[in-house]
Amino acid sequence: MALRVMQVFVPQASCMSIDELLEGRDVLGRWHDEHQGQTILHLLVPAEETEPIMDRFEQHFAAVEGFHVVLFPVEAVLPRPKLEEKPEEPKEDNAGKEERADNGLRVSREELYAEVNESIGVSRVFVGMTILSAVVAAVGLMRDDVAVIIGAMVIAPLLGPNVAMALATTLGDTDLLKRALLTNVVGVVTAFLFAVLVGAIFTVDARIPAIASRTNLDVGDILLALAAGTAGTLAFTRGLSGAVIGVMVAVALVPPLVVSGILLGDGKPALAFGAMLLTGANVICVNLAGIVTFRAQGVRPRTWWESERAKSGTKKATVIWTILLALLLLILWVNSMGGEAVTL
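Now for a look at the structure at hand. (Residues numbered from 1 in each chain as written. Predicted model: local features only at pLDDT ≥ 70, side-chain atom pairs only at ≥ 80, totals over all residues. Heavy atoms only, no water.)

This part covers the environment of Met 165. As for its placement among the helices and strands, Met 165 is situated in helix H7 (residues 159–171). With relative accessibility at 7%, the residue Met 165 sits in the buried group. Sequence spacing of Met 165 and Leu 176 is 11 residues, and the spatial spacing of their C-alpha atoms is 7.5 Å. Residues within four places of Met 165 in sequence aside, it is in contact with Leu 177, Ala 180, Leu 181, Asn 184, Asn 287 and Trp 321. (Helix = DSSP H or I, 4+ residues; strand = E, 2+ residues; numbered from the N terminus. Buried < 20%, exposed > 50% of the residue type's maximum accessible area, 1.4 Å probe, protein only. Contact = heavy atoms within 4.5 Å.)

Right under this line is the structure:
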């Protein structure tokens, strides 16, 4: 069970009001300090309890000066928390049950937001990581070295912006969406232009298995990207950052993008187009799977009016990504009917 420590700073809050705000929530430990007229409340809670508790405190104290909530992950705790079966709630009392069902077994939206916010933003470090990932991918591809290619996958500078786009769409956060989209575009253009330069300088053998396998898109690639995108989003919402590394390898955005660039630079536009289709399929599937999974996990804005706006934006984005995916499937169908490789 993932645990979190919450520090809630509230000016002179009474124990009675705190008890009311924590009513019905699963709090494993609680203590508080008083400092210069301010109450500092410490709570040990399961990770899935942080969002409803923060929502209640924010609704009650948002307008109060000095209100803050700080969240810390917990590595271990003694004595070990016991997993107890909770009695079934009365049927007539649905408020707490609905709140718990909406949250599911996941971390809070604030924790998700902080996680993706660290992975976006155009900076010298991001551009440098993108170029380094492209360098590693290009060397690995031309040497047909799987271990080196996996190294480029794990660097994965483009996965974070795509997950951020899915979360921003789900929350209806236009500012986050703009920053994620800008980061994504800059990363893709940087890696692609660098790969074109590499292809123009060096001779590229398109028969190398590592390169040839990324010039053809099939239905299996789409199913893989959808499944891995869903698994990655689930791991992300559970706070299992280690499991996301597997998604970086399964849905690799940089290697097919680099293949497209080096083949175009080497004067093979038809094969480059096939690799670009694979890159586009991965991007589409990661975003589509991310949006659907975030919604299924109950990730939504705190207030109902923000939720309605986000729901409308999510529907539009889902339709757009679905249409793009359908176009890719149509291209695959036309290509299979023709029995030839896709050409420009």
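After that view of the structure, there is still more to cover.
Taking 1.5 Å of rise per residue, the 20 residues of helix H5 (residues 124–143) would be expected to cover 28 Å, and the 28 Å separating its terminal C-alpha atoms lies within 8% of that figure. Listed in full, the buried residues belonging to H5 are Phe 126, Thr 130, Ser 133, Ala 134, Ala 137, Ala 138, Gly 140 and Leu 141. One or two steps after H5, the chain reaches Asp 144, where phi turns positive at roughly 55°. (Expected span 1.5 Å × (residues − 1).)

Attention now goes to the packing of aromatic side chains. In total, this model carries 3 aromatic pairs according to the counting rule given. Ring geometry for Phe 61 versus Phe 67: centroids 6.0 Å apart, planes at 25°, classification stacked. The burial state of Phe 61 is the same as that of Phe 67; both residues are buried. Ring geometry for Phe 236 versus Phe 294: centroids 6.4 Å apart, planes at 75°, classification edge-to-face. Taken together, the positions of Phe 236 in helix H10 (residues 219–237) and Phe 294 in helix H13 (residues 269–296) put the pair 58 residues apart, joining distant regions of the chain. In this structure, Phe 236 and Phe 294 share a single accessibility class: buried. Taken together through their ring pairs, the aromatic side chains of Phe 57, Phe 61 and Phe 67 make up a single cluster. (Phe/Tyr/Trp six-rings, centres within 6.5 Å; stacked < 30°, edge-to-face > 60°.)

A separate point is the pattern of salt bridges. Evaluation of the coordinates by the stated rule reveals 9 salt bridges. We note a salt bridge from Glu 49 to Arg 25, for which the minimum N-O separation is 2.8 Å. Residue Glu 49 is located in the loop between strand E3 (38–46) and helix H2 (50–61), and its partner Arg 25 is located in the loop between helix H1 (15–21) and strand E2 (29–35); the two are separated by 24 residues in the primary sequence. Residue Arg 25 is classed as buried on the basis of its relative accessible area of 9%. Measuring nitrogen to oxygen at the nearest pair gives 2.2 Å for the salt bridge that ties Asp 266 to Lys 268. Take Asp 266: its relative accessible area is 23%, and that puts it in the partly exposed class. Taking the relative accessible area as the measure of exposure, Lys 268 reaches 24% and is therefore partly exposed. Among the ionic contacts, a cluster of salt bridges with common partners joins Glu 51, Asp 55, Arg 106, Arg 109 and Glu 110. (Salt bridge = Lys/Arg side-chain N within 4 Å of Asp/Glu carboxyl O.)

It is worth spelling out a nonpolar patch on the surface at this point. The grouping of Val 319, Ile 320, Ile 323, Leu 324, Leu 327, Leu 330, Trp 333, Val 334 and Met 337 at the surface amounts to a nonpolar patch, some 880 Å² of accessible area in total. Following the sequence through the fold, Leu 330 ends up in helix H14 (residues 304–338). A relative accessible area of 44% means that Leu 330 is categorised as partly exposed. (Patch = residues over 30% accessible without salt bridge, like charges linked within 9 Å, V, L, I, M, F, W, Y side chains within 5 Å. Areas by Shrake-Rupley, 256 points an atom, 1.4 Å probe, with all protein chains shown as cover.)

Looking now at the side chain of Ser 108. For Ser 108, the location among the structural elements is in the loop between helix H3 (95–103) and helix H4 (109–117). What makes Ser 108 buried here is its relative accessible area of 0%. Discounting chain neighbours no more than four positions away, the residues touching Ser 108 are Ala 47, Thr 50, Glu 51, Met 54 and Leu 71.

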